[in-house]
Amino acid sequence: MSIVDHHRDLDRVKPPRLAGIDHLEWWVGNARTFAGFLCSAFGFTPVAYAGPETGRRDRVSYLVEQGGVRFMISGALHPDSPIAAHVMRHGDGVRDVAFLVQDVDVAYDAALARGGTGLRPPADDTDAHGTIRQAAVATYGDTVHTLLDRRRYRGPFAPTFETTDLISPSEPLVGITGLDHVVGNVPKGALGSWVTFYEQVFGFRSMQHFDDDQISTEFSALMSTVVWNGDSVVMPLNEPADGRKKSQIEEYLDFYGTSGVQHIALRSDDIVATVRALRARGVRFMGVPPDYYADARARMADLDLPWDELQALGVLVDRDERGHLLQTFTETITDRPTVFFEIIERRGATGFGEGNFKALFEAIERAQAQRGNL
Ligand code: FE2
């Protein structure tokens with residue numbers, strides 16, 4: 001059924017109530033090294049592991065955590081695994097943005113009544129530590145939203161997961177304090193229908209829309225709409241727009257093969273300390289155009305900021321009517337030029353660094369040109 005068939009149900013059935021993002025699951029070629037990389041480079045702590053030793057025969061998963069941000073990293077043990085097929089098609093990427101809900105059955109029924117596609121009906125997942133009830137619905141590309149309720153579960157993460165003995169260096173501390181937003185890329189012309197999907201299926205609202213005249217450079221452009229649940233689930237969506245050369249969103253879609261998660265923004269309360277620690281751990285960040293800081297210092301001369309330090313670390317600054325924010329972006333962390341992290345410190349601002357988009361894309365396009373994909 002298409003979304004338009006559900007107008008009656010939209011009035012009748014309330015959208016699922018989301019309590020937040022529980023975790024993101026990555027499907028990768030080598031879960032052990034990917035999890036190890038997130039720990040050694042990004043300061044995550046390994047928390048739990050599931051695999052043959054714990055009774056799972058087809059895959060291994062590591063759960064890593066920092067400041068309430070939880071990533072589950074899964075890899076295939078056999079060539080016929082759906083994880084292996086996913087990695088062959090997309091490379092390493094985010095498979096699941098898992099939502100916490102109060103009532104999985106009510107949320108799943110509501111999502112389907114409002115036009116969503118069910119992938120897994122609600123079922124209990126139980127071990128000696130308790131029960132997690134979960135279901136899954138489809139979203140853009142091969143990405144899914146698990147809906148889960150873990151209030152009856154007391155174990156380290158989920159059934160079959162056991163505390164891991166994987167260790168990682170703890171110094172220097174990175175200081176990620178939470179998940180700020182998760183951004184998806186969709187093909188040209190598809191932005192409107194995916195905004196409608198989140199509005200209808202999940203009852204999200206549109207927060208902001210940016211047109212290609214606001215977010216463009218000489219070579220490429222994008223359009224973006226921020227959809228959110230009015231609380232902690234913030235999911236901006238991008239689509240490529242016409243430029244003289246290939247847009248970086250287009251490059252993502254070419255290499256990922258479909259729509260998918262493009263970047264994950266991680267919060268810090270002290271971005272200077274966080275970025276310094278990440279750089280010391282070997283994380284590489286996108287370069288900032290040299291004239292960016294002369295312009296930014298002039299534009300935001302009234303703000304008391306450590307400009308020299310921000311410039312040395314490549315941290316960008318933007319402001320809106322509510323305050324300012326500091327942000328920076330890593331290089332893509334996958335082999336294919338697809339997924340990257342943003343580090344963001346909000347000082348009142350509720351935007352997403354629109355004023356920095358142009359500067360960001362100029363930097364991205366320099367890297368894209370070096371790969372011969374512009
Ligand atoms: Fe972002």
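Residues numbered from 1 in each chain as written. Predicted model: local features only at pLDDT ≥ 70, side-chain atom pairs only at ≥ 80, totals over all residues. Heavy atoms only, no water.

**Observations concerning the coordination of the iron ion**
Four donors placed tetrahedrally about a metal ideally form angles of 109.5 degrees, and six donors placed octahedrally ideally form angles of 90 or 180 degrees.
Stage number 1. The coordination sphere of the iron ion, as far as protein atoms go, consists of His181 (NE2), His263 (NE2) and Glu342 (OE), spread over 2.0 to 2.2 Å.
Stage number 2. If you list the donors of the iron ion from N- to C-terminus, the spacing comes out as H-x81-H-x78-E. Of the two residues, His181 is situated in strand 10 (residues 176-185) and Glu342 in strand 17 (residues 340-347); the sequence distance between them amounts to 161 residues. A single burial state applies to His181 and to Glu342, both of which are buried. (Donors = N, O, S within 2.8 Å, 3.2 Å for Na, K, Ca; no water. Helix = DSSP H or I, 4+ residues; strand = E, 2+ residues; numbered from the N terminus. Buried < 20%, exposed > 50% of the residue type's maximum accessible area, 1.4 Å probe, protein only.)

**Regarding the sheet that holds strand 16 (residues 323-329)**
Stage number 1. One open sheet holds the eight strands; their spatial order is 11-12-13-10-14-17-16-15, and the pairing between them is mixed. If you trace the sheet from one side to the other, it starts and ends with strand 11 (205-210) and strand 15 (316-320), each paired once. Neighbour-to-neighbour, the strand axes of this sheet turn through a mean angle of 25°, independent of strand direction.
Stage number 2. Here strand 15 pairs with strand 16 via five bridges, running antiparallel. (Pairing = 2+ DSSP bridges. Axes fitted to C-alpha atoms, helices over the stretch in contact; angles between N-to-C directions.)

**A few points about the domain arrangement of the chain**
Stage number 1. Segmenting the chain into domains produces domain 1 (3-163) and domain 2 (176-371).
Stage number 2. Each of domain 1 and domain 2 has a C-alpha centre, and the two are 24 Å apart.
Stage number 3. Taken together, the connections running from domain 1 to domain 2 amount to zero salt bridges.
Stage number 4. The interface formed by domain 1 and domain 2 contains nine residue pairs in polar contact (both at pLDDT 80 or more).
Stage number 5. Considering every element that reaches the side of domain 1 that touches domain 2, the biggest residue donor is helix 2 (residues 31-42), with seven residues.
Stage number 6. In the side of domain 1 that touches domain 2, the residues fall into 28 nonpolar, 16 polar and four charged. (Domains from an automatic or database assignment. Salt bridge = Lys/Arg side-chain N within 4 Å of Asp/Glu carboxyl O. Polar contact = N/O pair within 3.5 Å; in protein donor to acceptor, adjacent residues only side chain to side chain. Nonpolar A, V, L, I, M, F, W, Y, C, P; charged D, E, K, R; others polar.)

**Some details on the pattern of salt bridges**
Stage number 1. Overall, the coordinates contain 18 salt bridges when judged by the stated rule.
Stage number 2. The partner of Arg150 in a salt bridge is Asp22, with the nearest N and O atoms 2.8 Å apart. Residue Arg150 is found in the loop between strand 8 (144-149) and strand 9 (162-163), and its partner Asp22 is found in strand 1 (residues 18-27); the two are separated by 128 residues along the sequence.
Stage number 3. We classify Arg150 as buried; its relative accessible area is 17%.
Stage number 4. Relative accessible area serves as the criterion here: at 4%, Asp22 is assigned to the buried category.
Stage number 5. Between Glu331 and Arg284 there is a salt bridge, with its nearest N and O atoms 2.9 Å apart. Placement of Glu331 in the loop between strand 16 and strand 17 and of Arg284 in the loop between helix 7 (271-280) and helix 8 (291-299) is noted, with a sequence separation of 47 residues between them.
Stage number 6. The exposure class assigned to Arg284 is exposed, which follows from its relative accessible area of 56%.
Stage number 7. It is possible to trace a salt-bridge network through shared partners that takes in Asp105, Asp124, Arg133 and Arg152.

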